[in-house]
Amino acid sequence: MLTRTLRPTSGVLLILALLALWEISARLAWVDSPNWPPLSTVLHALARDTLTGELPARVGGTLYRMAAGLTLGALAGILIGLAFALIPFTARLFGAVVELLRPIPVPAVIPPLVLFLGLDDPMKITVVALTAFFPVLTNTVQGVNAVEAEAVAMGRTFGHGALRRAATVILPAATPYILAGLRVALGLALVVAVVAEMIAGEGGVGSYLVLMQFAGRAPEVYATIILLAALGYALNRAFVAAERRAIHWWFAMGRQES
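Quick look at the structure, then. (Residues numbered from 1 in each chain as written. Predicted model: local features only at pLDDT ≥ 70, side-chain atom pairs only at ≥ 80, totals over all residues. Heavy atoms only, no water.)

**Considerations on the overall build of the protein**
- Within the protein, the secondary structure is distributed over 11 helices and zero strands.
- Traced from its N-terminal end to its C-terminal end, the protein shows the element sequence α-α-α-α-α-α-α-α-α-α-α.
- Among the 258 residues that make up the protein, the fraction classed as buried is 37%.
- Within the protein, contacts between residues separated by at least 24 positions form 68% of all contacts whose residues are at least 6 apart in sequence.
- Total accessible area on the protein is roughly 15100 Å²; 70% of this is exposed by carbon and sulfur atoms. (Helix = DSSP H or I, 4+ residues; strand = E, 2+ residues; numbered from the N terminus. Buried < 20%, exposed > 50% of the residue type's maximum accessible area, 1.4 Å probe, protein only. Contact = heavy atoms within 4.5 Å. Areas by Shrake-Rupley, 256 points an atom, 1.4 Å probe, with all protein chains shown as cover.)

Here it is as structure tokens:
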């Protein structure tokens, strides 16, 4: 109990110590480089660009592309995952294609998508959707396979057809697995959205980061990285809170969040 209580505090103290070390190392010139500004300078740049509206506008664009791609990829992953698990023929027909595409690195997918979709939002949203698709698909298949046969048999006993059993019995039982896949996809979606903006784009946090790098403005570069770290953490914590509300019965059975 004591270890569990101290764990979050210890993590916060470690982060604060590292930030203090950053400030001291820059002020005392322990790192002899013009590209290692003090933390206070970085935070000033972050506050300035936030108050001017530069960063909020770019964060909004990134979150829009991330959310759109995540939604499309998750819906496709759930639907195709259900089809793979419930209709063996579809898994035999398309399973090899999925396994062939899944290992392809995301940056390798961007150039051909640029040729077909251009440099605007459709390309970036598609990249995010492809990234989110695979973890949701895999977890959906695992969740459906983990549904107890007795629950499916009970639905059949009550006269539920295949579609109704899938909607009222199988999908709710597989929801914890699907949400676990969504949590993985959420983190990947933010990363990929920023990467896509860095490679091809004029808006968003990713393109801002590249612009600051080329301009040699180190405080703005580090400020953007800090912003992305905080944004990723906030999204994850918000998702965990929503997950606990959505499947409170799962945690009531003694399950622990990852």
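**Brief notes about helix H6 (residues 121–145)**
- Under the 1.5 Å per step criterion, the end-to-end length of H6 is 36 Å for 25 residues, consistent within 8% with the ideal 36 Å.
- Phe133 marks the point of greatest bend in H6, at about 25°, and the proline Pro135 comes within the next four residues. (Expected span 1.5 Å × (residues − 1). Bend = angle between axes of the 7 residues up to and from the residue.)

**Quick look at the side chain of Glu197**
- Positionally, Glu197 belongs in helix H8 (residues 162–199).
- In terms of polar contacts, Glu197 uses its side chain to reach the backbone amide nitrogen of Gly206, at 2.9 Å. (Polar contact = N/O pair within 3.5 Å; in protein donor to acceptor, adjacent residues only side chain to side chain.)

**Let's talk about the packing of aromatic side chains**
- Per the stated rule, a full pass over the model turns up four aromatic pairs.
- Pairing Trp22 with Trp36 gives two aromatic rings, centres 5.2 Å apart and planes at 25°, and the pair type is stacked. Here Trp22, found in helix H1 (residues 2–27), pairs with Trp36, found in the loop between H1 and helix H2 (39–51); they are 14 residues apart in sequence, far enough to count as distant.
- Residue classification places Trp22 among the buried positions, given a relative accessible area of 11%.
- Judged by centre distance (5.7 Å) and plane angle (90°), the ring pair of Trp36 and Tyr222 falls under edge-to-face. Residue Trp36 is found in the loop between H1 and H2, and its partner Tyr222 is found in helix H10 (residues 218–246); the two are separated by 186 residues along the sequence. (Phe/Tyr/Trp six-rings, centres within 6.5 Å; stacked < 30°, edge-to-face > 60°.)

**Topic: the nonpolar core**
- By size, the foremost hydrophobic cluster in this structure holds 34 residues, and its most contacted members are Met66, Leu70, Met123, Val127, Val136 and Leu182.
- Listing elements by their share of this core, those giving two or more residues are helix H3 (54–86), helix H5 (106–117), H6, H8 and H10.
- Take this core: its biggest share by element is 13 residues, from H8.
- Ranked by size, the runner-up nonpolar core spans 10 residues in total, among them Leu39, Leu55, Val221 and Ala223. (Core = buried A, V, L, I, M, F, W, Y, C linked by side-chain atoms within 4.5 Å.)

**Here we look at unusual backbone geometry**
- Located in the positive-phi region is Ala29, a residue other than glycine, with phi close to 60°.
- Position of Ala29 among the secondary structure elements: in the loop between H1 and H2.

**Focus on helix H4 (residues 88–101)**
- When the terminal C-alpha atoms of H4 are compared, their 20 Å separation across 14 residues agrees well with the 20 Å that a helix rising 1.5 Å per residue should span.
- Those residues of H4 not exposed but buried are Thr90, Gly95 and Val98.
- The inward-facing, buried residues of H4 abut H3 and H6.

**Remarks on the packing of helix H9 (residues 205–215) against H10**
- Relative to each other, H9 and H10 sit at 155°, their axes nearing to 8 Å. It follows that H9 is roughly antiparallel to H10 by the angle criterion. The element H9 and its partner H10 pack so that their crossing is left-handed. Residues Val205, Tyr208, Leu209, Met212 and Gln213 of H9 pack against Glu220, Val221, Thr224, Ile225 and Leu228 of H10.
- Of the residues belonging to the contact of H9 with H10, the class tally is seven nonpolar, two polar and one charged. (Axes fitted to C-alpha atoms, helices over the stretch in contact; angles between N-to-C directions. Parallel < 35°, antiparallel > 145°, perpendicular 65-115°, else oblique. Left-handed = near helix turned anticlockwise from the far one by under 90°. Nonpolar A, V, L, I, M, F, W, Y, C, P; charged D, E, K, R; others polar.)

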